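Notes for the structure review
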Amino acid sequence: MAEAAQPSATIIGAGIIGICCASYLQRAGYAVEILDPEPPGTMCSYGNAGGICPGSCIPIAGPGMLRNLPGWLMDKEGPLHIRLAYLPALLPWLLRFLAAGRVAEVRRISSAMRALHAPTFACYEPLLRASGSTDLLAKRGQLFVYESADGPAHDAFGLSLRRDAGVKVEILDQSDLRDLEPALAPIFRSAVFLPEQGQCANPGRLVANLARAVERDGGIIRRTRVHAITMQDGKPASLATDQGTRPVETLVVAAGAWSAPLARQLGCKVPLETERGYHAMVAGADTGLRTQTIWAERKFVAAPMEEGIRFAGTVELAGLAAPPNMRRADLLLRQGRRMLRHVPEGTVGRWMGHRPSLPDSLPVISASPHHDNVFFAFGHGHMGLIGGSVTGRLIADLVSGAPPVIDPAPYRVDRFH
Ligand SMILES: Cc1cc2nc3c(=O)[nH]c(=O)nc-3n(C[C@H](O)[C@H](O)[C@H](O)COP(=O)(O)OP(=O)(O)OC[C@H]3O[C@@H](n4cnc5c(N)ncnc54)[C@H](O)[C@@H]3O)c2cc1C
């Protein structure tokens, strides 16, 4: 009897999401080809804060948002910046974003976030083992630190969401905090510690390792951009790329912040924006900080990485085309130096990345409602590293028809209509 031909899948995008999809599709028996003009993991997945946190279940838009917005926008050192010229284009997304901040919506979104993030370690485990990357994940917990003594009380709603979701939460006073992280400057008087969270010591290296394992196992990674999707018999049959035409059997769109035009060509209109974020990284600097720590009032992260200390965060709404404003990275460095007792001098790297963000803080992980050979995996916003492994597994389940690892309903591509 002739052997059945191996099924194949083409993935557009070699960020953490595309590479995790490829890894899991290989495990489900698919031959995979990944198309991306950039080397794997060198766009948004490169410079993030490295948090891999099963207990991340607080949507970005919340009930207090509207009250805080004017103050943040007026404050040049605040965590949010909107380029005025971009406001008209942004407005429809912004209105949806604010609507997602209503209490009932926040509760619904929070439980979908928790469902997606809770199995993150379990879904990363086989990928880390197979790619020799287990050293890159440390489960040391995550700290939110406050200058005010009653900081956690101001975040009571968020804490209740975490507790309701079964996330372990510990409230620390100044002396507990000093014992846990003596490297922090003595300006912080209270903290929340989430002991079950994890930290990746080098997100760029993680994606590169996972990509090498995909290639070792027979996958092909082509450095080429997809320009157009060609239909035949009512469904995608090939892709027009910089290097000519590539045939397609099953297609997964995982092009991060650049996914919307591809989805539109496939009949799906999604309100995808980019929340641009920055980092300043002091190479070789050992500050003594062990835990990924968020300055809660200023909303940025100090992340100890294998190559130094990384201060990452801020949201800049200015679209995909505007050049970076590295003053935002400099601001992170200044604030980072206030946050820690000692940040040694060292070479400072400044970086900007495009978070792919949907207004309800949830990604699209979905079969297409129009074509049975098309799947979408994008829009992970602030949490793509956390969501990467489970997204890869869920996409492989949807493609192969296996029972889905989690209920895919909250992440449907057509939920915005
Ligand atoms: C400052 C900052 C801190 C962050 N901290 C964290 C954190 O601690 N934890 C966490 O979980 N997340 C964090 N994130 C978010 C996380 O980095 C993103 O959600 C994640 O990287 C998105 O991955 P992706 O694969 O969708 O996108 P990307 O990594 O951007 O990959 C998309 C790929 O698609 C390719 N592409 C685009 N268009 C085409 C095309 N037409 N043809 C072919 N290829 C194409 C691009 O070249 C790119 O390589 C942070 C983000 C920022 C900016």
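Scoring rules and cut-offs
- Residues numbered from 1 in each chain as written.
- Predicted model: local features only at pLDDT ≥ 70, side-chain atom pairs only at ≥ 80, totals over all residues.
- Heavy atoms only, no water.
- Pairing = 2+ DSSP bridges.
- Helix = DSSP H or I, 4+ residues; strand = E, 2+ residues; numbered from the N terminus.
- Axes fitted to C-alpha atoms, helices over the stretch in contact; angles between N-to-C directions.
- Near = heavy atom within 4 Å.
- Polar contact = N/O pair within 3.5 Å; in protein donor to acceptor, adjacent residues only side chain to side chain.
- Areas by Shrake-Rupley, 256 points an atom, 1.4 Å probe, with all protein chains shown as cover.
- Nonpolar A, V, L, I, M, F, W, Y, C, P; charged D, E, K, R; others polar.
- Contact = heavy atoms within 4.5 Å.

1. Structural notes on the sheet that holds strand S1 (residues 8–12)
Pairing is mixed in the open sheet, where six strands are placed in the order S10-S2-S1-S14-S21-S20. Only two strands of the sheet have a single neighbouring strand rather than two, namely strand S10 (220–222) and strand S20 (364–367). Mean inter-strand twist for the sheet, computed between neighbouring axes without regard to direction, equals 15°. Direction of pairing for strand S2 (residues 31–35) relative to S10: parallel, over a ladder of three bridges. Across the sheet, the residue bridging to leucine 35 is arginine 222, located in S10.

2. Notes on the site of the ligand
Surrounding the ligand, one finds 37 residues, the nearest of these being Asp36, Ser45, Gly51, Gly381 and Ile386. Residue aspartate 36 places a side-chain N or O atom 2.5 Å away from an oxygen atom belonging to the ligand. Within the backbone of leucine 385, one N or O atom sits 2.8 Å away from an oxygen atom of the ligand. When the ligand is considered free in solution it has 1000 Å² of accessible area, and contact with the protein chains removes 96% of it. Listed by contribution, the elements that provide at least two residues to the shell around the ligand are helix H1 (16–27), strand S15 (273–283), strand S19 (348–357) and helix H12 (384–400). With four residues, S19 is the single largest residue contributor to the shell around the ligand. Within the shell around the ligand, the residues separate by chemical class into 18 nonpolar, 15 polar and four charged.

3. What about the environment of threonine 10?
Mapped onto the elements, threonine 10 comes out in strand S1. Considering only alpha carbons, one finds threonine 10 and glutamate 249, 239 residues apart in sequence, at a separation of 7.4 Å. Sequence-distant contacts of threonine 10, that is, excluding residues within four places in its chain, are made with Glu33, Leu35, Leu239, Pro247, Val248, Thr250, Leu251 and Val252.

Taken by themselves, the reported measurements are silent on function.
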